[in-house]
Amino acid sequence: MTLPSALTPSSTPDLSARTIAYFSMEIALSPALPTYSGGLGMLAGDTLRSAADTAAPMVAISLVHRRGYFRQKLSDIGQQTEADVPWSPETTLPSANRIIALTLQSRQVLVRAWRFDVVGVTGHIIPVFLLDTDVEGNDPWDRRLTDHLYGGDTYYRLCQETVLGLGGVALLEALACRPKVYHMNEGHAALLAIGLLEDHLAGIPLKDATEADIEFVRQQCVFTTHTPVPAGHDQFGVDQMYQVLGHDRGAAIEQFGCLHNSLMNMTYIALRFSRFVNGVAMQHGKVSQQMFPGYKVYSITNGVHAATWLSPHFQELLDGEIPNWRTDNQYFRSVYGIDPARIAAAHNKGKLRLFSTIAKRTGHHFNPNVLTLGFARRVATYKRASLLLHDPKRLVEIAEKIGGLQILYAGKAHPADTAGKGLIRDVFASAAKLNSSALKIYYIENYDWELGALLTQGVDVWVNTPRRPYEASGTSGMKAALNGVPSLSILDGWWIEGCAENTTGWAIENGEDEAAEATSLYEKLEKSIAPMYANPGAWSRMQQHCIAINGSFFNTHRMLAQYFENSYFPPTPLSTVQTGYLEHRRSTDTVVAEAALV
Ligand SMILES: *Cc1c(COP(=O)(O)O)cnc(C)c1O
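Since this is a predicted model, take the numbers as computed values, not measurements.

Thoughts on the UniProt feature "modified residue: N6-(pyridoxal phosphate)lysine" (unreviewed entry) in the protein
The sites that carry the UniProt feature "modified residue: N6-(pyridoxal phosphate)lysine" (unreviewed entry) are, in the present numbering, Lys479. Relative to the helices and strands, Lys479 is located in helix α15 (residues 476–482). By relative accessible area, which is 5% here, Lys479 ends up buried. In this structure Lys479 touches Met42, Val304, Trp309 and Thr456, once residues within four positions along its chain are discounted.

Written out as structure tokens, the structure reads:
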């Protein structure tokens, strides 16, 4: 194949010392780039930002997503419409100066890549290669393959996942990068294992691979699974698998025991080819263990990148008091040495900034002296955005009794999720009915990186109401905690580990049904939260606990260190690590059994 002349190989950073390759379908790299949709991409970006700060020997692979996920527009009644977010890597990023060729459905697809450098506090760089099929010479349909994150049908998706897995491995090889560890951040990247196996076999057909060949690949791969929700585990018909991957790869995937319920299942490919598998919070590891009983599943609890999510006001305060927090997040424990009144003051500036931004964008004014709840997340039915509005009469009564209440909502529904879009309209309808002098509910459009930061830095209490046990981790509450914002949440995901009642926030008690859980939510709001909010001294000590206790743990510096110790380069045999230490806490067994039905 001849390379276009502009793309002759030139300067790429020396990658020969990079020992870990991180593969993710989405990565939030900059607020200006639409290369992510939500939590998974944020986590990937935060992981790489911590890797850069701590000088980890990593390199990362994703797709360029030239038209992004989407920009959300909401009508007066909350009807969501979507707009593309086109961007031009050619005018933004350096080229990787390599073109590789993949075979998809027996036609050749050329893939190039753009390099985004994640730069750490000390200047260490994590290069991220964004694969792009918009290359001259490709079939016009193939040129659009890396346009839409989570767009198109299953055929489009499988082609994208093939580009990510096989294209990523081929690109690293072309760049003379030979990692020792390949990290699949979710099953989308699982086909990288097939790429590694093909390289290892060097021309021998895949179907002739021995168990030793597979073991050779397994020893290089680790896998993080991110959700117990079935829709999060991509599967494809076997016919489609053969159609896209061809006979040799398709037959091999079948023969290696990677089908599940007679479908090509990305999670099972990842499980089969990984020497270490983990969930993203202690309980999620346990739930995943029940879903995949044939495999040992460990847990490494998620975190967030502190410098990305701390408000400028807190950054200034902490730079003065505990300047080493940027490289070592354990210093967050030392905020106990800072006067709580200064913490409250830093938070208050974040609240004012949030309200002035909303006023500028929408013309709606919020009162900084009124207790303000935040609820922002992807709109999916299991997240139950409307639990807070379950009993409107009760909510209004509480608002009147406690001297006012403000609730800020945000969140996108996937363009194909009609039920999710209905939930947004429901919140709008409730708001229209309930808004009064005591209660103000407002749904802000286009939840993204910037809005997520403003909200988690500016509200007083972060609310999360998922149906157990579907919240694998949740990371927005961690962003809030870092900014001195307590959570009011269902005991699911990270909150089982992060909730110290009346200290870092409040647990909504597990109930038989939605009504029972809503009742618990209202009781906590009325009897615990509002009285403490009315006592600024007590409230500021709680803000301090949030940062000292949860900020010092739920960060990606700690998380990445755990990946190094347990997943990437474990010093001790893995079988000594056990999941399930949460057994003694509230019983999760029934809900766990429910999730195991997936
Ligand atoms: C942090 C973040 C998420 C993930 O938060 P969850 O708590 O997992 O819902 C999603 N979207 C945006 C824009 C975020 O900043």
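Additional details are given in the paragraphs that follow.
Digging into the sheet that holds strand β16 (residues 405–410)
Reading across from one edge, β17-β16-β15-β18-β19-β20 is the order of the six strands in this open sheet, with parallel pairing throughout. For this open sheet the edge positions go to β17 (439–444) and β20 (505–508), each flanked by a neighbour on one side alone. On average, each strand axis in the sheet is inclined to that of its neighbour by 20 degrees, with strand direction left out of account. Bridge count between strand β18 (residues 461–464) and strand β19 (residues 487–490): three bridges; the pairing is parallel.

A few points about helix α19 (residues 556–568)
Since the α-helix turns once every 3.6 residues, residues separated by three or four places project in the same direction. With 13 residues, α19 extends just 15 Å between its outermost C-alpha atoms, more than 12% less than the 18 Å of an ideal straight helix rising 1.5 Å per residue. Within the span of α19, buried status applies to Thr556, His557, Arg558, Met559, Leu560, Tyr563, Ser567 and Tyr568. Against the buried residues of α19 lie β1 (20–24), α1 (39–53), β2 (58–63), β8 (181–185), β9 (221–224) and β13 (276–279). Capping the start of α19, Asn555 holds a side-chain oxygen 3.2 Å from the backbone nitrogen of His557, two or three residues further along.

Some thoughts on the pairing of strand β15 (residues 372–376)
Most of β15 sits inside the fold, with five of its five residues counted as buried. Judged by which residues are buried, β15 turns out to be covered on both faces: Thr372, Gly374 and Ala376 on one side and Leu373 and Phe375 on the other are all buried. In this structure, β15 lies alongside β16, joined through five bridges in parallel fashion. From the neighbouring strand, Leu373 faces β16, where its bridge partner is Ile407. Once you follow β15 into helix α12 (residues 392–401) and on to β16, the crossover reads as right-handed. Here two bridges tie β15 to β18, and the two strands are oriented parallel to one another. Among the inter-strand pairings, Leu373 is bridged to a residue of β18, identified as Val461.

Description of the site of the ligand
Arg377, Gly474, Thr475, Ser476 and Lys479 are the nearest of the 13 residues found near the ligand. Within the side chain of Arg377, a nitrogen or oxygen atom sits 3.4 Å from an oxygen atom of the ligand. If the ligand stood free it would expose 390 Å²; the protein chains cover 93% of that surface. Among the elements of the structure, α1 and α15 are those that each provide at least two residues to the shell around the ligand. Of the residues belonging to the shell around the ligand, the class tally is four nonpolar, five polar and four charged. Split by domain, the shell around the ligand shows at least three residues from each of two domains, domain 1 (5–302 + 576–590) and domain 2 (310–554).

Thoughts on the pattern of salt bridges
One pass over the full model with this rule turns up 34 salt bridges. Ionic pairing is found between Arg67 and Asp147, a salt bridge with its closest N-O pair at 3.9 Å. You can see Arg67 sitting in the loop between β2 and β3 (71–74) and its partner Asp147 sitting in the loop between α2 (140–143) and α3 (154–174), a full 80 residues away along the chain. The partner of Lys351 in a salt bridge is Asp460, and the shortest N-O contact between them spans 2.6 Å. Separated by 109 residues along the polypeptide, Lys351 in helix α11 (residues 340–362) and Asp460 in the loop between α14 (449–458) and β18 bring together distant segments of the chain. Through salt bridges with shared partners, a single network forms among Arg66, Arg67, Asp84, Glu90, Arg112, Asp132, Asp134, Arg143, Arg144 and Asp147.

Here we look at the sheet that holds strand β11 (residues 259–260)
The strands making up a sheet associate through hydrogen bonds between their backbones, and the pairing can be parallel or antiparallel. Read from one edge of the open sheet, three strands run β10-β12-β11, paired in antiparallel fashion. Edge positions in the sheet fall to β10 (235–236) and β11, since each has one partner strand and no second. In this sheet, strand β12 (residues 263–265) lies alongside β11 in antiparallel orientation, the contact comprising two bridges. Residue His260 lies in a different strand from β12, and its bridge partner there is Leu263.

Re the domain arrangement of the protein
Partitioning the protein into structural domains gives domain 1 (5–302 + 576–590) and domain 2 (310–554). Domain 1 and domain 2 are separated by 31 Å when their C-alpha centres are compared. The interface is formed by 40 residues belonging to domain 1 together with 36 residues belonging to domain 2. Of the roughly 3,300 Å² buried at the junction of domain 1 and domain 2 (both faces included), carbon and sulfur atoms supply 58%. Our enumeration of links across domain 1 and domain 2 arrives at two salt bridges. Glu82 is the partner of Lys421 in a salt bridge, and the nearest nitrogen-oxygen pair spans 2.8 Å. On the surface where domain 1 and domain 2 come into contact, there are 13 residue pairs in polar contact (both at pLDDT 80 or more). Taken together, the elements giving at least two residues each to the side of domain 1 that touches domain 2 come down to α1, β3, β4 (80–83) and α8 (282–291).

A short note on the environment of Asp213
Summarising the element assignment, Asp213 is placed in helix α5 (residues 211–218). A relative accessible area of 15% means that Asp213 is categorised as buried. Each C-alpha atom, one on Asp213 and one on Gly537, is 63 Å from the other, the two residues being 324 residues apart in sequence. Excluding residues within four positions of it along the chain, Asp213 makes contact with Leu197, His200, Leu201 and Asp208.

Calculation rules
Residues numbered from 1 in each chain as written. Predicted model: local features only at pLDDT ≥ 70, side-chain atom pairs only at ≥ 80, totals over all residues. Heavy atoms only, no water. UniProt positions renumbered as here; feature names shortened; annotations may be inferred. Helix = DSSP H or I, 4+ residues; strand = E, 2+ residues; numbered from the N terminus. Buried < 20%, exposed > 50% of the residue type's maximum accessible area, 1.4 Å probe, protein only. Contact = heavy atoms within 4.5 Å. Pairing = 2+ DSSP bridges. Axes fitted to C-alpha atoms, helices over the stretch in contact; angles between N-to-C directions. Expected span 1.5 Å × (residues − 1). Polar contact = N/O pair within 3.5 Å; in protein donor to acceptor, adjacent residues only side chain to side chain. Right-handed = clockwise from strand over helix to strand, strands pointing away. Near = heavy atom within 4 Å. Areas by Shrake-Rupley, 256 points an atom, 1.4 Å probe, with all protein chains shown as cover. Nonpolar A, V, L, I, M, F, W, Y, C, P; charged D, E, K, R; others polar. Domains from an automatic or database assignment. Salt bridge = Lys/Arg side-chain N within 4 Å of Asp/Glu carboxyl O. Buried area = accessible area lost by both parts, 1.4 Å probe.

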